[in-house]
Structures are given as structure tokens and as C-alpha cells.
Amino acid sequence: MGNIKDLSVDLDHSETVKEGKTAIRISYQAKDNWYGIGFVDPANDWGEILGGYDIRGAKTLSFWAKSSYYNQRVKVGFGLIEKDKAFPDSAIKLREVMLTEKWKKYTIKIRKEDMSHIRSGFVLFTEGVGMSQQIFLDEIVFE
């Protein structure tokens, strides 16, 4: 979303990893504007096709993240597809966090959310900050 011409996402990045063999690397080459990513089910659908997951019972969304520079402000969470679509997310929750140049675990409490139909399992939004940037994500899990 946003300025996608300057955005690339590598789902199998193997050089900067927290756990396992691969992580997600998001690269943004513009110095301004904004961008966002959303991992949706089914892929590339924005609420027109039945999909998603019933993850009732999950109490947290956690993930590890880091940035190519210190104090990068991002909004992260789950849920993008609103009730104006045929098949919306049953809950939408975003939280602002500051990423650093070191791996850090972030946890979002979701105990009171309706997790019966989550189509957009992870979303991230941020903006250009005067230089190109990279964000790394690993171990994204609902528990």
C-alpha cells in the first residue's frame, strides 16, 4: 500500500535472521511518502473472497523486529479489512512501536479481541524518513 514503486519485500531473506534460516526483509528506497504491507488470506484479496483463520483463544501477537536505523516509528498489528467488505476481519488492532537497530521482541495483547475470523494476520505501516530504510521481521506468532 502507499508508495509501492519504491517498496520491495523479501519473504526468504537469509542474511539478517533472528531465528531459523529466513526472516522477512522490507526495503524502502524513497526518502518520503508512506508505505504499508499486509499479509492477507487469501493472498491479494481485500475482503471479496472467503478466507482467513479462526484463532480464538490466542492471547498475544508477538514478533521480533529491527530496523536499519535507530527509532523508526511504525504501526503494527493485525486486521485491515473493514466491515464494508463482504468478508471483513473480525478484529482490527494497531499499535505504534519504535524499532531499533537491534532485534527486539514486541508483544500485543489480544485477549479481549474477536479472533474468530482474521484475514489480515500481520500489518505494518510507516513513512519515509529522509533516507532509504530496511525493516526485518521474524517469528511472527499468535499464541
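Residues numbered from 1 in each chain as written. Predicted model: local features only at pLDDT ≥ 70, side-chain atom pairs only at ≥ 80, totals over all residues. Heavy atoms only, no water.

Participant: Can you help me understand the sheet that holds strand β5 (residues 72-78) in this one?
Facilitator: The pairing of strands in a sheet comes from backbone hydrogen bonds and takes either a parallel or an antiparallel form. Strand order across the open sheet formed by four strands is β3-β8-β5-β6, with antiparallel pairing between neighbours. Unpaired on one side and paired on the other, β3 (34-40) and β6 (93-99) mark the two borders of the sheet. Sheet twist, expressed as the mean angle between neighbouring strand axes with direction ignored, is 20°. Strand direction decides the pairing type here: β5 and β6, joined by seven bridges, are antiparallel. Counterpart to Val74 in the pairing with β6 is Val97. (Pairing = 2+ DSSP bridges. Helix = DSSP H or I, 4+ residues; strand = E, 2+ residues; numbered from the N terminus. Axes fitted to C-alpha atoms, helices over the stretch in contact; angles between N-to-C directions.)

Participant: It is not clear to me how the pairing of strand β4 (residues 60-67) should be interpreted in this structure. Could you clarify?
Facilitator: Remember that side chains alternate between the two faces of the sheet whenever the strand is regular. Burial analysis of β4 places seven of its eight residues in the buried class, which makes it a mostly covered element. Taken together, the six bridges between β4 and strand β7 (residues 104-109) define a ladder with antiparallel strand orientation. Within the sheet, the bridge partner assigned to Ala65 lies in β7 and is Lys104. The sheet contact formed by β4 and strand β9 (residues 133-142) spans six bridges and is antiparallel. Looking across to β9, one finds that Trp64 is bridged to Asp138. (Buried < 20%, exposed > 50% of the residue type's maximum accessible area, 1.4 Å probe, protein only.)

Participant: Just to check I follow, could you spell out the packing of aromatic side chains for this structure?
Facilitator: Aromatic ring pairs are defined here through the distance separating the ring centres and the angle between the ring planes. Considering all chains together, one arrives at six aromatic pairs under this definition. Taking 6.5 Å as the distance between ring centres and 40° as the angle between the ring planes, the aromatic pair formed by Phe39 and Phe122 counts as tilted. Of this pair, Phe39 sits in strand β3 while Phe122 sits in strand β8 (residues 120-127), placing them 83 residues apart in sequence. Aromatic pair Phe63 and Phe122: ring centres 5.2 Å apart, planes at 70°, arrangement edge-to-face. Taken together, the residues Phe63 in strand β4 and Phe122 in strand β8 connect sequence positions 59 residues apart. On the basis of relative accessibility, which here comes to 2%, the residue Phe122 falls in the buried class. Joined through ring pairs, the aromatic side chains of Phe39, Phe63, Tyr106 and Phe122 make up one cluster. The residue whose ring lies beneath Lys18 is Trp64, and the NZ or CZ to ring-centre distance is 4.3 Å. Here the basic side chain of Lys66 rests over the ring of Phe136, its NZ or CZ set 5.8 Å away from the ring centre. (Phe/Tyr/Trp six-rings, centres within 6.5 Å; stacked < 30°, edge-to-face > 60°. Lys NZ or Arg CZ within 6 Å of the ring centre and 35° of its normal.)

Participant: Just to check I follow, could you spell out the pairing of β5 for this structure?
Facilitator: With five of its seven residues buried, β5 lies for the most part within the structure. Here β5 pairs with β8 via three bridges, running antiparallel. Paired with Val76 across the bridge in β8 is Leu124.

Participant: Teacher, can you tell me more about the pattern of salt bridges here?
Facilitator: A side chain of one charge can pair with a side chain of the opposite charge when the charged atoms of the two come close. By the definition in use, this model includes seven salt bridges. Its salt-bridge partner being Lys85, residue Glu48 comes within 3.7 Å of it at the nearest N-O pair. Here Glu48, found in the loop between β3 and β4, pairs with Lys85, found in the loop between β5 and β6; they are 37 residues apart in sequence, far enough to count as distant. Here Glu96 makes a salt bridge to Arg73, at a shortest N to O gap of 2.7 Å. With Glu96 in strand β6 and Arg73 in strand β5, the pair connects residues that are 23 residues apart, well separated along the chain. The class for Glu96 is partly exposed, based on a relative accessible area of 44%. Classification of Arg73 by relative accessible area gives partly exposed; the value is 47%. (Salt bridge = Lys/Arg side-chain N within 4 Å of Asp/Glu carboxyl O.)

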